[in-house]
Amino acid sequence: MRLSRYFLPVLRDVPKEAEIVSHRLMLRAGMLKQEAAGLYAWLPLGYRVLRKIQAIIEQEQDRAGAHEMLMPTIQSADLWRESGRYDAYGKEMLRITDRHERDMLYGPTNEEMITDIFRAHVRSYKDLPLNLYHIQWKFRDEIRPRFGTMRSREFLMKDAYSFDLDLGRAREAYNRMFVSYLRTFYRMGLTAIPMRAETGPIGGDLSHEFIVLADTGESGVFCHADLLDKPIPTHDVDYLSDLQPIVDDWTSLYAATEDMIDMAEFESTVPEDKRIAARGIEVGQVFYFGTKYSDPLGATVTDDEGKEVAVHMGSYGIGLTRVAPAIIEANHDDDGIIWPVSVAPFEVALINLKPGDKDCNTANEGLYQSLTNAGIEVLYDDRDLGAGAKFATADLIGLPYQLIAGPRGLKNNEVEIKHRRTGERETVSTDAAVARLLALIEPERRDKI
Ligand code: 5CA
(Lines give C-alpha, C1' and ligand atoms only; values in the text may rest on other atoms or scores of the structure.)
Protein backbone atom coordinates (compact mmCIF):
# COMPACT_ATOMS: atom_id res chain seq x y z
CA MET A 1 0.00 0.00 0.00
CA ARG A 2 1.24 3.44 -0.92
CA LEU A 3 0.76 5.87 1.94
CA SER A 4 0.28 8.77 -0.49
CA ARG A 5 -2.95 7.10 -1.64
CA TYR A 6 -4.07 5.62 1.65
CA PHE A 7 -6.63 7.00 4.11
CA LEU A 8 -4.66 7.48 7.32
CA PRO A 9 -5.96 10.52 9.20
CA VAL A 10 -3.35 10.69 12.00
CA LEU A 11 -3.93 13.31 14.68
CA ARG A 12 -1.11 15.49 15.92
CA ASP A 13 -2.79 16.41 19.19
CA VAL A 14 -3.74 14.10 22.00
CA PRO A 15 -7.56 13.89 22.07
CA LYS A 16 -8.84 15.24 25.38
CA GLU A 17 -11.74 12.82 25.76
CA ALA A 18 -9.52 9.74 25.72
CA GLU A 19 -8.61 8.62 29.24
CA ILE A 20 -6.45 5.56 28.55
CA VAL A 21 -3.44 5.09 26.31
CA SER A 22 -5.02 2.60 23.88
CA HIS A 23 -7.94 4.93 23.19
CA ARG A 24 -5.60 7.89 22.66
CA LEU A 25 -3.35 5.90 20.34
CA MET A 26 -6.21 4.41 18.32
CA LEU A 27 -7.57 7.91 17.67
CA ARG A 28 -4.14 9.43 16.99
CA ALA A 29 -3.10 6.60 14.65
CA GLY A 30 -6.21 7.09 12.51
CA MET A 31 -7.70 3.69 13.42
CA LEU A 32 -11.02 4.88 14.81
CA LYS A 33 -13.56 7.64 14.75
CA GLN A 34 -16.26 8.07 17.34
CA GLU A 35 -19.73 8.51 15.80
CA ALA A 36 -21.81 8.72 19.01
CA ALA A 37 -21.42 7.62 22.63
CA GLY A 38 -20.05 4.07 22.52
CA LEU A 39 -20.29 3.84 18.71
CA TYR A 40 -17.18 3.81 16.55
CA ALA A 41 -16.27 3.66 12.90
CA TRP A 42 -13.22 1.52 12.16
CA LEU A 43 -11.05 3.35 9.63
CA PRO A 44 -8.90 1.37 7.17
CA LEU A 45 -5.82 0.93 9.39
CA GLY A 46 -7.92 -0.13 12.38
CA TYR A 47 -10.08 -2.41 10.28
CA ARG A 48 -7.02 -4.30 9.04
CA VAL A 49 -6.16 -5.09 12.66
CA LEU A 50 -9.72 -6.20 13.38
CA ARG A 51 -9.64 -8.51 10.35
CA LYS A 52 -6.38 -10.09 11.50
CA ILE A 53 -7.82 -10.72 14.94
CA GLN A 54 -10.88 -12.23 13.25
CA ALA A 55 -8.77 -14.53 11.03
CA ILE A 56 -6.85 -15.93 14.01
CA ILE A 57 -10.08 -16.56 15.92
CA GLU A 58 -11.66 -18.30 12.92
CA GLN A 59 -8.63 -20.55 12.36
CA GLU A 60 -8.51 -21.62 16.00
CA GLN A 61 -12.28 -22.08 16.34
CA ASP A 62 -12.36 -24.20 13.19
CA ARG A 63 -9.43 -26.30 14.45
CA ALA A 64 -11.32 -26.95 17.68
CA GLY A 65 -14.27 -28.27 15.68
CA ALA A 66 -16.65 -25.30 15.81
CA HIS A 67 -18.59 -24.35 12.65
CA GLU A 68 -18.90 -20.75 11.55
CA MET A 69 -22.30 -19.31 10.60
CA LEU A 70 -24.00 -15.91 10.79
CA MET A 71 -27.10 -14.87 12.70
CA PRO A 72 -28.89 -11.51 12.38
CA THR A 73 -28.24 -8.61 14.74
CA ILE A 74 -31.96 -7.97 15.27
CA GLN A 75 -33.93 -10.58 17.20
CA SER A 76 -37.56 -11.14 18.07
CA ALA A 77 -38.62 -10.34 21.63
CA ASP A 78 -40.85 -13.43 21.73
CA LEU A 79 -37.85 -15.72 21.68
CA TRP A 80 -36.48 -13.94 24.74
CA ARG A 81 -39.86 -14.17 26.45
CA GLU A 82 -39.61 -17.95 26.09
CA SER A 83 -36.35 -18.07 28.05
CA GLY A 84 -37.56 -15.49 30.56
CA ARG A 85 -34.65 -13.15 29.81
CA TYR A 86 -36.68 -10.44 28.04
CA ASP A 87 -37.62 -8.74 31.28
CA ALA A 88 -34.59 -9.91 33.24
CA TYR A 89 -32.07 -8.28 30.89
CA GLY A 90 -33.14 -4.77 31.87
CA LYS A 91 -31.98 -1.48 30.44
CA GLU A 92 -28.86 -2.83 28.77
CA MET A 93 -31.06 -4.26 26.05
CA LEU A 94 -31.90 -1.98 23.13
CA ARG A 95 -35.58 -2.58 22.47
CA ILE A 96 -37.02 -1.73 19.07
CA THR A 97 -40.55 -1.71 17.63
CA ASP A 98 -40.99 -2.41 13.92
CA ARG A 99 -43.68 -0.86 11.63
CA HIS A 100 -46.13 -3.66 12.54
CA GLU A 101 -45.72 -2.84 16.24
CA ARG A 102 -43.79 -6.05 16.84
CA ASP A 103 -41.29 -6.04 19.70
CA MET A 104 -37.77 -6.58 18.48
CA LEU A 105 -34.34 -6.10 20.02
CA TYR A 106 -30.74 -5.60 18.97
CA GLY A 107 -29.05 -8.77 20.19
CA PRO A 108 -26.72 -8.42 23.20
CA THR A 109 -25.89 -12.16 22.88
CA ASN A 110 -27.42 -15.16 21.08
CA GLU A 111 -28.20 -18.07 23.43
CA GLU A 112 -31.93 -17.94 22.61
CA MET A 113 -31.52 -17.70 18.84
CA ILE A 114 -28.98 -20.51 18.58
CA THR A 115 -31.20 -22.70 20.76
CA ASP A 116 -34.08 -21.95 18.41
CA ILE A 117 -31.96 -23.02 15.42
CA PHE A 118 -30.90 -26.17 17.22
CA ARG A 119 -34.45 -27.20 18.17
CA ALA A 120 -35.63 -26.73 14.59
CA HIS A 121 -33.08 -29.16 13.15
CA VAL A 122 -31.50 -31.51 15.64
CA ARG A 123 -33.40 -34.54 16.96
CA SER A 124 -30.93 -37.24 17.87
CA TYR A 125 -27.94 -37.71 20.16
CA LYS A 126 -26.14 -38.98 17.04
CA ASP A 127 -25.91 -35.40 15.76
CA LEU A 128 -23.92 -34.39 18.86
CA PRO A 129 -21.52 -32.95 19.81
CA LEU A 130 -22.20 -29.72 17.97
CA ASN A 131 -20.52 -26.34 18.30
CA LEU A 132 -21.71 -23.37 16.22
CA TYR A 133 -20.26 -19.88 16.25
CA HIS A 134 -20.57 -16.54 14.56
CA ILE A 135 -18.76 -13.22 14.56
CA GLN A 136 -21.39 -10.53 14.68
CA TRP A 137 -22.06 -7.05 16.09
CA LYS A 138 -23.77 -6.91 19.46
CA PHE A 139 -25.39 -3.99 21.26
CA ARG A 140 -25.46 -3.43 25.01
CA ASP A 141 -26.68 -0.09 26.24
CA GLU A 142 -23.88 0.24 28.81
CA ILE A 143 -24.49 2.97 31.43
CA ARG A 144 -20.91 4.07 31.09
CA PRO A 145 -19.42 3.31 27.70
CA ARG A 146 -15.77 4.32 28.01
CA PHE A 147 -12.20 3.77 26.96
CA GLY A 148 -13.07 3.73 23.25
CA THR A 149 -13.85 0.27 21.92
CA MET A 150 -12.76 -1.31 25.21
CA ARG A 151 -16.26 -0.79 26.61
CA SER A 152 -18.48 0.37 23.81
CA ARG A 153 -22.20 -0.03 23.18
CA GLU A 154 -21.94 -1.68 19.79
CA PHE A 155 -19.09 -4.20 19.67
CA LEU A 156 -17.96 -7.16 17.60
CA MET A 157 -18.09 -10.51 19.37
CA LYS A 158 -17.23 -14.05 18.47
CA ASP A 159 -19.80 -16.19 20.24
CA ALA A 160 -19.76 -19.98 20.08
CA TYR A 161 -22.40 -22.32 21.48
CA SER A 162 -21.92 -25.99 22.31
CA PHE A 163 -24.58 -28.71 22.50
CA ASP A 164 -23.97 -32.05 24.23
CA LEU A 165 -25.90 -34.97 25.58
CA ASP A 166 -24.79 -34.75 29.18
CA LEU A 167 -22.66 -32.89 31.69
CA GLY A 168 -19.53 -34.99 31.05
CA ARG A 169 -19.53 -34.34 27.34
CA ALA A 170 -20.41 -30.69 27.85
CA ARG A 171 -17.30 -30.42 30.02
CA GLU A 172 -15.28 -31.82 27.12
CA ALA A 173 -16.71 -29.11 24.85
CA TYR A 174 -15.82 -26.51 27.52
CA ASN A 175 -12.28 -27.87 27.69
CA ARG A 176 -11.86 -27.72 23.91
CA MET A 177 -12.80 -24.04 23.90
CA PHE A 178 -10.63 -23.39 26.97
CA VAL A 179 -7.56 -24.81 25.23
CA SER A 180 -8.34 -23.11 21.92
CA TYR A 181 -8.60 -19.76 23.76
CA LEU A 182 -5.10 -20.22 25.20
CA ARG A 183 -3.81 -20.70 21.67
CA THR A 184 -5.93 -17.91 20.17
CA PHE A 185 -4.74 -15.18 22.53
CA TYR A 186 -1.15 -16.39 22.40
CA ARG A 187 -1.19 -16.10 18.61
CA MET A 188 -2.30 -12.47 18.98
CA GLY A 189 0.71 -11.74 21.17
CA LEU A 190 -1.40 -11.55 24.33
CA THR A 191 -0.85 -13.23 27.67
CA ALA A 192 -4.47 -13.96 28.66
CA ILE A 193 -4.90 -15.89 31.90
CA PRO A 194 -8.03 -17.99 32.51
CA MET A 195 -9.57 -17.03 35.86
CA ARG A 196 -12.56 -18.35 37.76
CA ALA A 197 -15.40 -15.93 37.12
CA GLU A 198 -19.01 -15.10 37.89
CA THR A 199 -21.58 -15.96 35.26
CA GLY A 200 -23.83 -12.86 35.46
CA PRO A 201 -26.80 -12.62 33.07
CA ILE A 202 -25.62 -15.54 30.91
CA GLY A 203 -26.12 -17.94 33.83
CA GLY A 204 -24.71 -21.30 34.90
CA ASP A 205 -22.19 -22.24 37.57
CA LEU A 206 -18.92 -22.79 35.69
CA SER A 207 -17.11 -19.95 33.99
CA HIS A 208 -13.65 -18.57 33.27
CA GLU A 209 -12.73 -15.11 32.12
CA PHE A 210 -9.56 -14.76 30.02
CA ILE A 211 -7.76 -11.76 31.45
CA VAL A 212 -4.88 -9.63 30.17
CA LEU A 213 -3.11 -7.88 33.05
CA ALA A 214 -3.10 -4.07 32.64
CA ASP A 215 -3.26 -1.20 35.13
CA THR A 216 -6.11 0.33 33.14
CA GLY A 217 -8.17 -2.89 33.29
CA GLU A 218 -11.66 -2.72 34.76
CA SER A 219 -11.47 -5.97 36.75
CA GLY A 220 -9.53 -6.64 39.94
CA VAL A 221 -7.80 -10.03 39.69
CA PHE A 222 -5.73 -12.40 41.83
CA CYS A 223 -3.45 -15.09 40.46
CA HIS A 224 -0.30 -17.17 40.70
CA ALA A 225 2.68 -15.53 38.96
CA ASP A 226 3.70 -18.74 37.17
CA LEU A 227 0.60 -18.42 34.98
CA LEU A 228 2.24 -15.46 33.23
CA ASP A 229 4.88 -17.51 31.46
CA LYS A 230 3.25 -20.89 31.26
CA PRO A 231 3.86 -22.56 27.87
CA ILE A 232 0.85 -22.72 25.53
CA PRO A 233 -0.47 -26.01 24.06
CA THR A 234 1.02 -26.23 20.56
CA HIS A 235 -0.41 -27.24 17.19
CA ASP A 236 -0.18 -30.95 17.94
CA VAL A 237 -2.99 -30.67 20.49
CA ASP A 238 -5.65 -33.14 19.39
CA TYR A 239 -9.07 -31.69 20.07
CA LEU A 240 -10.72 -35.10 19.94
CA SER A 241 -8.62 -36.46 22.79
CA ASP A 242 -9.06 -35.88 26.51
CA LEU A 243 -8.06 -32.28 27.23
CA GLN A 244 -8.90 -32.41 30.94
CA PRO A 245 -5.19 -32.79 31.94
CA ILE A 246 -4.29 -29.54 30.15
CA VAL A 247 -7.18 -27.68 31.76
CA ASP A 248 -6.35 -29.17 35.18
CA ASP A 249 -2.75 -28.11 34.75
CA TRP A 250 -3.81 -24.52 34.09
CA THR A 251 -6.49 -24.35 36.76
CA SER A 252 -4.27 -25.94 39.43
CA LEU A 253 -2.57 -22.56 39.81
CA TYR A 254 -4.91 -20.16 41.57
CA ALA A 255 -6.55 -17.42 39.50
CA ALA A 256 -9.83 -15.64 40.16
CA THR A 257 -11.53 -12.32 39.53
CA GLU A 258 -12.50 -10.05 42.41
CA ASP A 259 -16.10 -11.33 42.27
CA MET A 260 -14.96 -14.90 42.92
CA ILE A 261 -11.84 -14.44 45.05
CA ASP A 262 -11.51 -16.64 48.12
CA MET A 263 -8.74 -14.84 50.01
CA ALA A 264 -8.08 -17.73 52.38
CA GLU A 265 -7.59 -20.12 49.47
CA PHE A 266 -5.48 -17.61 47.53
CA GLU A 267 -3.16 -17.08 50.49
CA SER A 268 -2.92 -20.73 51.45
CA THR A 269 -2.25 -22.06 47.93
CA VAL A 270 -0.02 -19.32 46.45
CA PRO A 271 3.38 -18.61 48.06
CA GLU A 272 3.73 -14.97 49.09
CA ASP A 273 6.38 -14.12 46.47
CA LYS A 274 4.16 -15.56 43.73
CA ARG A 275 0.95 -13.67 44.59
CA ILE A 276 -0.27 -11.23 42.00
CA ALA A 277 -3.07 -8.83 42.94
CA ALA A 278 -3.58 -6.62 39.92
CA ARG A 279 -6.02 -5.22 37.40
CA GLY A 280 -6.93 -6.81 34.11
CA ILE A 281 -8.93 -6.63 30.87
CA GLU A 282 -11.44 -9.39 30.16
CA VAL A 283 -10.90 -10.32 26.50
CA GLY A 284 -12.99 -13.49 26.55
CA GLN A 285 -15.28 -15.56 28.73
CA VAL A 286 -16.46 -19.17 28.62
CA PHE A 287 -19.57 -20.55 30.31
CA TYR A 288 -21.21 -23.89 31.02
CA PHE A 289 -24.89 -23.41 31.87
CA GLY A 290 -26.42 -26.85 31.38
CA THR A 291 -30.07 -26.77 30.41
CA LYS A 292 -30.83 -23.13 31.31
CA TYR A 293 -32.01 -22.38 27.74
CA SER A 294 -32.68 -25.84 26.32
CA ASP A 295 -35.27 -26.56 29.06
CA PRO A 296 -37.58 -23.57 28.56
CA LEU A 297 -37.13 -23.54 24.77
CA GLY A 298 -37.58 -27.29 24.41
CA ALA A 299 -34.25 -28.07 22.75
CA THR A 300 -34.17 -31.82 23.26
CA VAL A 301 -32.70 -34.90 21.57
CA THR A 302 -33.48 -38.58 21.93
CA ASP A 303 -30.70 -40.45 23.71
CA ASP A 304 -29.50 -43.99 22.91
CA GLU A 305 -32.43 -45.44 24.86
CA GLY A 306 -34.98 -43.37 22.94
CA LYS A 307 -35.56 -41.04 25.87
CA GLU A 308 -36.11 -37.31 25.20
CA VAL A 309 -33.52 -35.18 27.07
CA ALA A 310 -32.70 -31.47 27.14
CA VAL A 311 -29.24 -30.75 25.72
CA HIS A 312 -26.40 -29.39 27.87
CA MET A 313 -25.06 -26.11 26.57
CA GLY A 314 -22.15 -23.75 26.96
CA SER A 315 -21.24 -20.44 25.34
CA TYR A 316 -17.87 -18.94 24.57
CA GLY A 317 -17.27 -15.27 23.81
CA ILE A 318 -14.37 -13.13 22.62
CA GLY A 319 -14.74 -9.37 22.19
CA LEU A 320 -12.82 -8.61 18.98
CA THR A 321 -13.21 -4.85 19.25
CA ARG A 322 -11.90 -5.07 22.85
CA VAL A 323 -8.94 -7.27 21.92
CA ALA A 324 -7.46 -4.54 19.68
CA PRO A 325 -7.13 -1.95 22.50
CA ALA A 326 -6.06 -4.69 24.94
CA ILE A 327 -3.14 -5.50 22.64
CA ILE A 328 -2.21 -1.80 22.56
CA GLU A 329 -2.40 -1.48 26.37
CA ALA A 330 0.16 -4.29 26.53
CA ASN A 331 2.31 -3.11 23.57
CA HIS A 332 3.20 0.57 23.32
CA ASP A 333 5.79 3.17 24.33
CA ASP A 334 5.93 6.98 24.44
CA ASP A 335 6.13 7.19 20.66
CA GLY A 336 3.13 5.03 19.87
CA ILE A 337 1.85 1.52 19.26
CA ILE A 338 4.13 -1.55 18.92
CA TRP A 339 2.10 -4.19 17.07
CA PRO A 340 2.93 -7.86 17.42
CA VAL A 341 3.52 -9.10 13.85
CA SER A 342 0.52 -11.45 13.90
CA VAL A 343 -2.01 -8.61 14.25
CA ALA A 344 -0.09 -5.69 12.73
CA PRO A 345 -2.03 -3.74 10.07
CA PHE A 346 1.12 -4.00 7.90
CA GLU A 347 4.33 -5.83 8.75
CA VAL A 348 6.83 -3.32 7.39
CA ALA A 349 6.94 0.45 6.92
CA LEU A 350 9.12 1.22 3.92
CA ILE A 351 10.37 4.77 4.38
CA ASN A 352 11.61 6.61 1.32
CA LEU A 353 13.78 9.40 2.73
CA LYS A 354 13.92 11.42 -0.51
CA PRO A 355 11.03 10.88 -2.92
CA GLY A 356 12.32 13.81 -5.03
CA ASP A 357 15.53 11.95 -5.87
CA LYS A 358 15.30 9.77 -8.97
CA ASP A 359 17.75 7.05 -7.91
CA CYS A 360 16.30 6.94 -4.43
CA ASN A 361 12.83 6.51 -5.91
CA THR A 362 13.91 3.71 -8.20
CA ALA A 363 15.56 1.83 -5.33
CA ASN A 364 12.49 2.27 -3.11
CA GLU A 365 10.12 1.13 -5.83
CA GLY A 366 12.29 -1.96 -6.29
CA LEU A 367 12.22 -2.71 -2.55
CA TYR A 368 8.46 -2.21 -2.48
CA GLN A 369 8.03 -4.74 -5.29
CA SER A 370 10.41 -7.30 -3.77
CA LEU A 371 8.84 -7.07 -0.32
CA THR A 372 5.38 -7.50 -1.82
CA ASN A 373 6.53 -10.44 -3.94
CA ALA A 374 7.98 -12.08 -0.82
CA GLY A 375 4.50 -12.01 0.76
CA ILE A 376 5.34 -9.25 3.24
CA GLU A 377 2.64 -6.65 3.95
CA VAL A 378 4.19 -3.24 3.32
CA LEU A 379 3.02 0.29 3.87
CA TYR A 380 5.25 2.35 1.59
CA ASP A 381 5.72 5.92 2.79
CA ASP A 382 6.19 7.59 -0.58
CA ARG A 383 4.81 10.94 0.58
CA ASP A 384 6.62 14.15 -0.24
CA LEU A 385 7.43 14.93 3.39
CA GLY A 386 10.46 15.37 5.63
CA ALA A 387 12.12 12.37 7.26
CA GLY A 388 11.13 13.47 10.77
CA ALA A 389 7.41 13.42 9.99
CA LYS A 390 7.72 10.00 8.36
CA PHE A 391 9.57 8.52 11.33
CA ALA A 392 6.98 9.94 13.71
CA THR A 393 4.10 8.42 11.73
CA ALA A 394 5.82 5.04 11.46
CA ASP A 395 6.51 4.96 15.21
CA LEU A 396 2.96 6.10 16.04
CA ILE A 397 1.16 3.50 13.93
CA GLY A 398 3.56 0.89 15.27
CA LEU A 399 4.42 -1.38 12.34
CA PRO A 400 6.88 -3.97 13.70
CA TYR A 401 9.73 -3.17 11.29
CA GLN A 402 10.82 -0.09 9.40
CA LEU A 403 12.94 -0.33 6.28
CA ILE A 404 14.60 3.02 5.77
CA ALA A 405 16.12 3.87 2.39
CA GLY A 406 17.78 7.20 1.60
CA PRO A 407 20.33 8.54 -0.93
CA ARG A 408 23.28 8.42 1.47
CA GLY A 409 23.01 4.72 2.27
CA LEU A 410 21.92 3.74 -1.20
CA LYS A 411 25.17 5.20 -2.58
CA ASN A 412 26.88 2.29 -0.80
CA ASN A 413 24.05 -0.06 -1.68
CA GLU A 414 22.86 -0.02 1.95
CA VAL A 415 19.53 0.39 3.77
CA GLU A 416 18.57 0.38 7.44
CA ILE A 417 16.16 -1.88 9.32
CA LYS A 418 14.69 -0.53 12.56
CA HIS A 419 13.02 -2.89 15.02
CA ARG A 420 10.07 -0.91 16.40
CA ARG A 421 9.92 -2.82 19.72
CA THR A 422 13.57 -2.59 20.76
CA GLY A 423 14.69 0.43 18.77
CA GLU A 424 17.58 -1.71 17.49
CA ARG A 425 18.92 -0.70 14.06
CA GLU A 426 20.86 -2.76 11.58
CA THR A 427 22.43 -1.77 8.29
CA VAL A 428 22.06 -4.35 5.52
CA SER A 429 22.85 -4.41 1.85
CA THR A 430 19.91 -3.50 -0.37
CA ASP A 431 19.93 -6.98 -1.87
CA ALA A 432 19.81 -8.73 1.52
CA ALA A 433 17.05 -6.56 3.05
CA VAL A 434 14.06 -8.62 1.99
CA ALA A 435 15.53 -11.95 3.10
CA ARG A 436 16.55 -10.43 6.44
CA LEU A 437 13.06 -9.01 7.04
CA LEU A 438 11.42 -12.29 6.11
CA ALA A 439 13.66 -14.14 8.57
CA LEU A 440 12.62 -11.71 11.32
CA ILE A 441 8.92 -11.72 10.48
CA GLU A 442 8.09 -15.33 9.71
CA PRO A 443 8.48 -16.82 13.21
CA GLU A 444 6.65 -13.81 14.70
CA ARG A 445 3.57 -14.50 12.59
CA ARG A 446 2.89 -17.34 15.03
CA ASP A 447 0.80 -19.09 12.40
CA LYS A 448 2.64 -22.37 12.76
CA ILE A 449 2.84 -22.77 16.53
N1 5CA B 1 -22.91 -15.27 25.29
C2 5CA B 1 -21.76 -15.16 26.14
C3 5CA B 1 -20.57 -15.84 25.59
S4 5CA B 1 -20.64 -16.07 23.88
C5 5CA B 1 -21.45 -13.69 26.40
O6 5CA B 1 -22.14 -12.82 25.94
N7 5CA B 1 -20.39 -13.45 27.16
S8 5CA B 1 -19.86 -12.03 27.67
O9 5CA B 1 -20.94 -11.25 28.14
O10 5CA B 1 -18.83 -12.32 28.61
O11 5CA B 1 -19.24 -11.28 26.46
C12 5CA B 1 -18.19 -11.89 25.73
C13 5CA B 1 -17.04 -10.93 25.50
O14 5CA B 1 -17.50 -9.78 24.80
C15 5CA B 1 -16.40 -10.37 26.75
O16 5CA B 1 -15.45 -11.27 27.28
C17 5CA B 1 -15.76 -9.10 26.23
O18 5CA B 1 -14.50 -9.39 25.64
C19 5CA B 1 -16.72 -8.65 25.15
N20 5CA B 1 -17.59 -7.55 25.60
C21 5CA B 1 -18.65 -7.63 26.44
N22 5CA B 1 -19.20 -6.41 26.62
C23 5CA B 1 -18.46 -5.54 25.87
C24 5CA B 1 -18.53 -4.12 25.62
N25 5CA B 1 -19.47 -3.35 26.17
N26 5CA B 1 -17.60 -3.57 24.81
C27 5CA B 1 -16.65 -4.33 24.23
N28 5CA B 1 -16.54 -5.65 24.42
C29 5CA B 1 -17.44 -6.26 25.23
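The model shown is predicted, which means the values in this text are computed figures rather than measured ones.

Taken together, 22 residues sit near the ligand, with Thr109, Glu111, Arg140, Glu142 and Glu282 positioned nearest. Residue Glu111 places a side-chain N or O atom 2.7 Å away from a nitrogen atom belonging to the ligand. Between Glu282 and the ligand, the recorded distance is 2.5 Å, taken from a side-chain N or O atom to an oxygen atom. Isolated, the ligand exposes 600 Å² of accessible area, and the fraction of that covered by the protein chains is 96%. When contributions to the shell around the ligand are tallied by element, the ones reaching two or more residues are strand 8 (154–164), strand 13 (275–290) and strand 16 (312–319). In terms of residue class, the shell around the ligand is built from seven nonpolar, eight polar and seven charged.

Turning our attention to the pattern of salt bridges. What the rule picks out here adds up to 32 salt bridges. Between Lys230 and Asp249 there is a salt bridge, and its shortest N-O distance comes to 2.9 Å. Linking Lys230 in the loop between strand 11 (219–224) and helix 7 (244–251) with Asp249 in helix 7, this pair joins segments that are 19 residues apart in sequence. Look at Lys230 and you get buried, because its relative accessible area is 17%. Classification of Asp249 as partly exposed rests on a relative accessible area of 40%. A salt bridge links Glu347 to Arg445; the nearest nitrogen and oxygen atoms lie 2.8 Å apart. Of this pair, Glu347 sits in the loop between strand 18 (336–337) and strand 19 (348–352) while Arg445 sits in the segment after helix 14 (433–444); the two residues are 98 residues apart in sequence, bridging distant segments of the chain. Considered together, Glu347 and Arg445 belong to a single accessibility category, that of buried residues.

Read across the sheet, five strands follow the order 20-19-21-22-23 without closing on themselves; strand pairing throughout is mixed. With partners counted over all chains shown, the strands left at the sheet margins are strand 20 (378–381) and strand 23 (425–429), one partner each. Here the average twist between neighbouring strands, direction ignored, is 25 degrees. Where strand 22 (residues 414–419) lies against strand 23, five bridges are found, and the strand directions are antiparallel.

Where strands meet in a sheet, backbone hydrogen bonds hold them as pairs that are either parallel or antiparallel. Ordered in space as 4-6-5, the three strands form an open sheet in which the pairing is antiparallel. This sheet does not close on itself; its edge strands, each paired only once, are strand 4 (74–76) and strand 5 (94–97). The average undirected angle you get between the axes of adjacent strands in this sheet is 40 degrees. In this sheet, strand 6 (residues 103–106) lies alongside strand 4 in antiparallel orientation, the contact comprising three bridges. When the sheet's bridge partners are listed, Gln75 is paired in strand 6 with Leu105.

Moving on, we get to unusual backbone geometry. Of note, the bond from Leu128 into Pro129 is cis; its omega dihedral lies within 30 degrees of zero at 0 degrees. With respect to the helices and strands, Pro129 occurs in the loop between helix 5 (111–121) and strand 7 (130–139). A positive phi angle, close to 65 degrees, is found at Glu101, a residue other than glycine. Phi angles above zero are rare outside glycine, and Phe147 is one such case at about 60 degrees.

Now for the packing of aromatic side chains. Across all of its chains, the model carries 13 aromatic pairs by this definition. Look at Phe178 and Phe210: their rings are 5.6 Å apart centre to centre, the planes differ by 65 degrees, and that puts the pair in the edge-to-face class. Linking Phe178 in helix 6 (residues 167–187) with Phe210 in strand 10 (residues 206–213), this pair joins segments that are 32 residues apart in sequence. When its relative accessible area of 0% is taken as the criterion, Phe210 is described as buried. Ring pairing ties together the aromatic residues Phe178, Tyr181, Phe185 and Phe210, which thus form one cluster.

Turning our attention to the pairing of strand 10. Here strand 10 lies mainly inside the structure; seven of its eight residues are buried. Taken together, the five bridges between strand 9 (residues 192–196) and strand 10 define a ladder with antiparallel strand orientation. Residue Met195 lies in a different strand from strand 10, and its bridge partner there is Glu209. In this structure, strand 10 lies alongside strand 13, joined through eight bridges in antiparallel fashion. Among the inter-strand pairings, Phe210 is bridged to a residue of strand 13, identified as Gly284.

The subject of this paragraph is the side chain of Lys52. Among the structural elements, Lys52 can be located in helix 2 (residues 44–63). Accessibility expressed as a relative area gives 16% for Lys52, which makes it buried.

All right, on to the domain arrangement of the protein then. Each assigned domain of the protein is listed here: domain 1 (31–330) and domain 2 (337–444). In this structure, domain 1 and domain 2 have C-alpha centres spaced 38 Å apart. When residues of domain 1 are sorted by the area they lose upon contact with domain 2, Leu45, Arg48 and Lys52 head the list and together hold 49% of the total. On the surface where domain 1 and domain 2 come into contact, there are two salt bridges. Counting across the domain 1 and domain 2 interface gives four residue pairs in polar contact (both at pLDDT 80 or more). Listed by contribution, the elements that provide at least two residues to the side of domain 1 that touches domain 2 are helix 2 and helix 10 (320–330). It is helix 2 that provides the largest number of residues to the side of domain 1 that touches domain 2, a total of six residues.

Here we come to the environment of Thr393. Counting through the fold element by element, Thr393 comes out in helix 12 (residues 387–397). Residue Thr393 is classed as buried on the basis of its relative accessible area, which comes to 10%. A sequence separation of 58 residues divides Thr393 from Asp335, and the C-alpha atoms of the two residues are 9.2 Å apart. If we skip the residues at most four places from it in the chain, Thr393 touches Leu8, Val10 and Arg383.

How each quantity is defined
Residues numbered from 1 in each chain as written. Predicted model: local features only at pLDDT ≥ 70, side-chain atom pairs only at ≥ 80, totals over all residues. Heavy atoms only, no water. Near = heavy atom within 4 Å. Polar contact = N/O pair within 3.5 Å; in protein donor to acceptor, adjacent residues only side chain to side chain. Areas by Shrake-Rupley, 256 points an atom, 1.4 Å probe, with all protein chains shown as cover. Helix = DSSP H or I, 4+ residues; strand = E, 2+ residues; numbered from the N terminus. Nonpolar A, V, L, I, M, F, W, Y, C, P; charged D, E, K, R; others polar. Salt bridge = Lys/Arg side-chain N within 4 Å of Asp/Glu carboxyl O. Buried < 20%, exposed > 50% of the residue type's maximum accessible area, 1.4 Å probe, protein only. Pairing = 2+ DSSP bridges. Axes fitted to C-alpha atoms, helices over the stretch in contact; angles between N-to-C directions. Phe/Tyr/Trp six-rings, centres within 6.5 Å; stacked < 30°, edge-to-face > 60°. Domains from an automatic or database assignment. Buried area = accessible area lost by both parts, 1.4 Å probe. Contact = heavy atoms within 4.5 Å.

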